[in-house]
There are 2 protein chains.
Amino acid sequence: MSESKSTTLTKRAAYELRQRIIHGGLPGGTRLYEVALSEELQISRTPVREAMSRLAEEGLLERAPGGGFQVRAFSLRDVTDAIELRGVLEGTAARMAAEQGVDPVQMAGVWAILDRLDRCFAGDRVDFDAYSELNAQFHCALAELCQSAVILRELERVKSLPFASPSAFVLGQADAAGSHRSLVMAQAQHRALAQAIARREGARAEAIAREHARIARGNLEETFVEGAQPGGSMPGLALITR
Amino acid sequence: MSESKSTTLTKRAAYELRQRIIHGGLPGGTRLYEVALSEELQISRTPVREAMSRLAEEGLLERAPGGGFQVRAFSLRDVTDAIELRGVLEGTAARMAAEQGVDPVQMAGVWAILDRLDRCFAGDRVDFDAYSELNAQFHCALAELCQSAVILRELERVKSLPFASPSAFVLGQADAAGSHRSLVMAQAQHRALAQAIARREGARAEAIAREHARIARGNLEETFVEGAQPGGSMPGLALITR
DNA sequence: GGGGGGCGGGATGTATACATTGGATGTATA
DNA sequence: TATACATCCAATGTATACATCCCGCCCCCC
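Residues numbered from 1 in each chain as written. Chains lettered and ligands numbered in written order. Predicted model: local features only at pLDDT ≥ 70, side-chain atom pairs only at ≥ 80, totals over all residues. Heavy atoms only, no water.

## Quick notes on the sheet that holds strand β1 (residues 31-32) of chain B
Residues and elements named next belong to chain B. The condition that has to hold: Only strands joined by at least two bridges in the DSSP assignment are considered to pair. Strands are runs of DSSP state E lasting at least two residues, helices are runs of H or I lasting at least four, and both sets are numbered from the N terminus onward.
Judged by pairing direction, the sheet is antiparallel, and its three strands sit side by side in the order β1-β3-β2 without closing on themselves. Looking at strand neighbours, the two that pair on one side only are β1 and β2 (61-63), the edges of this open sheet. Strand direction decides the pairing type here: β2 and strand β3 (residues 69-71), joined by three bridges, are antiparallel. Pairing of leucine 61 across the sheet is with valine 71, part of β3.

And the structure:
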């Protein structure tokens, strides 16, 4: 091992496996064999094992009956449920934040992200990359308003499923005009949500968060029905089988 | 190793660690050292490591910054949040079940459990052990009505925290009369919840499930305020610190 | 011909030696 | 005295050999 070792081998193995899974190299249900992987990655069994264990924590793998691991398979139903669940959790976070009141500094940060999101719309053109990044930041910052480690932890878990990330909202829009309309609507919901929290309207905040996720779910369902299956607009769609 | 090895050493190590954590032998925040544990348990580092990894998946341990594990510490806030979260998830499951309709056979099973729960009340005396067991079964069967692997998975995760189990409802009642009243009320909510699902009243089902957890949360808060800290009526209370 | 038992191979489980890392400690120098 | 650097130690990371278990196959006996 005279090579570059920027990180631990465990992390390298985990990264490599994660990439393959997300990009479809290892379809759902595939059984992973320690020896085969360690030979292929030129890494001994121990870190490979450790990496698989961590990916199981992330939810990409599951422990196979009788030992070992296999790639977790997701049905379309699983995917829509995950997105709905994300909405439920974000809604709960929003409601809790509204009920208990928020730190002004944190809230200012949320508004700042919203302003920067606005700037992604130039005329009828959208800077998708910037939007996605800021959108993720917004959802993250919003959830943190609830000050609950338990809620945040579970939310992180659900969002770690690649297809349940906030950017699912973008999907399913065939033309640019449709995308633009979708994102304008999403941004309006973002502002309404922040406003509801600031005004301490818990029930309203929760309802908006849920509706927001419901639309993302609908978009993803459309995308899938139209057959844009693996590797489409979003990495991680390759995970969806059955 | 000529001894009885009914299971793998990993499972033995995990069991032993879990017991110590739940019963307070290893307080929250305690760092776990592989060598020390392996010497103490007379098991080599590898299975100990594996066991810690699994307990991290369960949520009892967390990976320490810079490697290794430590016992997860729960504040009272974490605990109440976890119970509220359980209510949110059960509420979601109930709403989904109501909206999509339920399998009659499963629903019959739920009613059967409810009848058996009724029989735990004999006059003004309650068979607590039987009640706890059946109560857990009820909550489990109810959640399964939603037919969603994703929701069930997350719900299992939250319930695996010892203090977030359904039996938290029993806590915080000083006298037998108080307990009896509590359980009668809980059972009434159980029936109302099942009825709402059967009648496909999703919103109502969700609301009842949440209220049910809210009461459990209140009971646990009382218990804690009254200072019945570690090892009290429920194992797992020892986890709560700060 | 069918069933049972033994045998072999492949997979994970386990033990342990060695490598590496990161922090604590102590010392020398400015 | 403070800072920078060398050193050491303890803890995890890694490699690898060996043990064990499970399962399928085949052969032999009934």
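That shown, we press on.
## Considering the interface of chain B and chain A
The condition that has to hold: Note on contacts: a residue pair qualifies if any of its non-hydrogen atoms lie within 4.5 Å across the two residues. Here the quantity called buried area is the total loss of accessible area, with a 1.4 Å probe, experienced by two parts when brought into contact, counted for both. Here a polar contact means two N or O atoms within 3.5 Å. Within protein one must be a hydrogen donor candidate and the other an acceptor candidate, and residues neighboring in sequence count only if both atoms are side-chain atoms. Amino acids are sorted into nonpolar (Ala, Val, Leu, Ile, Met, Phe, Trp, Tyr, Cys and Pro), charged (Asp, Glu, Lys and Arg) and polar (every other residue, Gly among them).
Facing 33 residues of chain B, the contacting portion of chain A comprises 33 residues. By the criterion of area lost to chain A, the three top residues of chain B are Arg63, Val150 and Arg153 of chain B, representing 20% of everything that side buries. For the pair chain B and chain A, the interface holds 15 residue pairs in polar contact (both at pLDDT 80 or more). Elements with a minimum of two residues in the side of chain B that touches chain A: α3 (45-58), α4 (76-100), α7 (149-159) and α9 (202-225) of chain B. Take the side of chain B that touches chain A: its biggest share by element is 12 residues, from α4 of chain B. For the side of chain B that touches chain A, a count of residues per class yields 11 nonpolar, six polar and 16 charged.

## As for the pattern of salt bridges
Using the following cut-off: Whenever Lys or Arg places a side-chain nitrogen within 4 Å of a carboxyl oxygen from Asp or Glu, that contact is recorded as a salt bridge. Residue burial is assigned from relative accessible area. The probe radius is 1.4 Å, only protein chains are included, and a residue is buried under 20% of its type maximum, exposed over 50%, and partly exposed in between.
Going through the model one piece at a time under the given rule, you end up with 44 salt bridges over all chains. Across the pair arginine 63 of chain B and glutamate 57 of chain A runs a salt bridge, and its minimum N-O distance is 2.7 Å. Taken together, the positions of arginine 63 of chain B in strand β2 and glutamate 57 of chain A in helix α3 (residues 45-58) put the pair across two chains. Taking relative accessible area as the criterion, arginine 63 of chain B reaches 28% and is therefore assigned partly exposed. Glutamate 90 of chain A is paired through a salt bridge with arginine 86 of chain A; the nearest N and O atoms lie 3.5 Å apart. With glutamate 90 of chain A and arginine 86 of chain A both in helix α4 (residues 76-100), this residue pair falls four residues apart, about one helical turn. Its relative accessible area of 6% is what places glutamate 90 of chain A among the buried residues.

## Quick look at the confidence of the model for chain A
For clarity, the cut-off: Confidence per residue, as judged by the predictor, is encoded in pLDDT with a range of 0 to 100.
Per-chain confidence: chain A averages 87 in pLDDT, with 88% of residues scoring 70 or above. Listed scores for the predicted complex are pTM 0.89 and ipTM 0.87.

## Thoughts on unusual backbone geometry
Here glutamine 42 of chain A, not a glycine, exhibits a phi torsion of approximately 60°, which is positive. Its place among the elements puts glutamine 42 of chain A in the loop between α2 (34-41) and α3. With a relative accessible area of 63%, glutamine 42 of chain A lands in the exposed category. Positive phi outside glycine occurs at arginine 200 of chain B, with the angle close to 60°. Along the chain, the position of arginine 200 of chain B falls in the loop between α8 (176-198) and α9. Judged by its relative accessible area of 48%, arginine 200 of chain B is partly exposed.

## Focus on the packing of helix α6 (residues 128-144) of chain B against α7 of chain B
All names here are of chain B. We apply this condition: Only the stretch in contact is used when a helix axis is fitted, and all axes are lines through C-alpha atoms; the angle between N-to-C directions ranges over 0 to 180 degrees. These descriptions rest on fixed angle ranges, namely under 35 degrees for roughly parallel, over 145 for roughly antiparallel, 65 to 115 for roughly perpendicular, and the rest for oblique. Crossings are sorted by hand: turned counterclockwise from the far helix by less than a right angle, the near helix makes the crossing left-handed, and turned clockwise it makes it right-handed.
It is at 10 Å that the axes of α6 and α7 come closest, and there the two elements cross at 160°. Between α6 and α7, the angle is such that the two are roughly antiparallel. Remark: the crossing between α6 and α7 carries right-handed chirality. Taken together, the residues of α7 that come into contact with α6 (itself represented by His139, Cys140, Ala143 and Glu144) are Leu152, Leu155, Glu156 and Lys159. Looking at side-chain class alone, the contact of α6 with α7 contains four nonpolar, one polar and three charged residues.

## What to know about the relation of the copies chain B and chain A
Rules: Overlaid copies result from least-squares superposition on C-alpha atoms, with residues included only where pLDDT is at least 70 in both.
Relative to chain A, chain B is turned by 180° and slid 0.0 Å along the rotation axis, the superposed coordinates differing by an RMSD of 0.1 Å. Those values place the two copies in the arrangement expected of a two-fold rotation axis. Closest approach to the rotation axis within chain B is made by the C-alpha atom of glutamate 57 of chain B, at a distance of 2.8 Å. Counting the interface residues of chain B, we find that 100% of their copies in chain A are interface residues as well, pointing to one common contact surface.

## A short note on the protein's contact with DNA strand D
Selection rule: Distances are taken per atom, and a residue is near a molecule or strand as soon as one of its heavy atoms is within 4 Å of it.
Taken together, 16 residues are adjacent to DNA strand D, and Leu9, Thr10, Ser44 and Thr46 of chain A together with Arg49 of chain B come closest. Protein-adjacent atoms of DNA strand D, using a 4 Å cutoff, are sugar or phosphate at a proportion of 62%. Glutamate 34 of chain B places a main-chain nitrogen or oxygen 3.2 Å from a phosphate oxygen of DNA strand D. Between a phosphate oxygen of DNA strand D and a side-chain N or O atom of arginine 49 of chain B, the distance comes to 2.4 Å. Elements with a contribution of two residues or more to the surface near DNA strand D: α1 (9-22) and α3 of chain A together with β1 and α3 of chain B. The leading source of residues in the surface near DNA strand D is α3 of chain A, at three residues. Its residues assigned to classes, the surface near DNA strand D shows six nonpolar, five polar and five charged.

## Things to note about the protein's contact with DNA strand C
For DNA strand C, the set of nearby residues contains 15 residues, the closest of which are Arg49 of chain A together with Leu9, Thr10, Ser44 and Thr46 of chain B. Each atom of DNA strand C within 4 Å of the protein was classed as base or backbone; sugar and phosphate made up 61%. Side-chain polar atom of arginine 49 of chain A to a phosphate oxygen of DNA strand C: 2.4 Å apart, as the coordinates give it. Among the secondary structure elements, those contributing two or more residues to the surface near DNA strand C are β1 (31-32) and α3 of chain A together with α1 (9-22) and α3 of chain B. At three residues, α3 of chain B tops the list of elements feeding residues into the surface near DNA strand C. Residues of the surface near DNA strand C, tallied by class, amount to six nonpolar, four polar and five charged.

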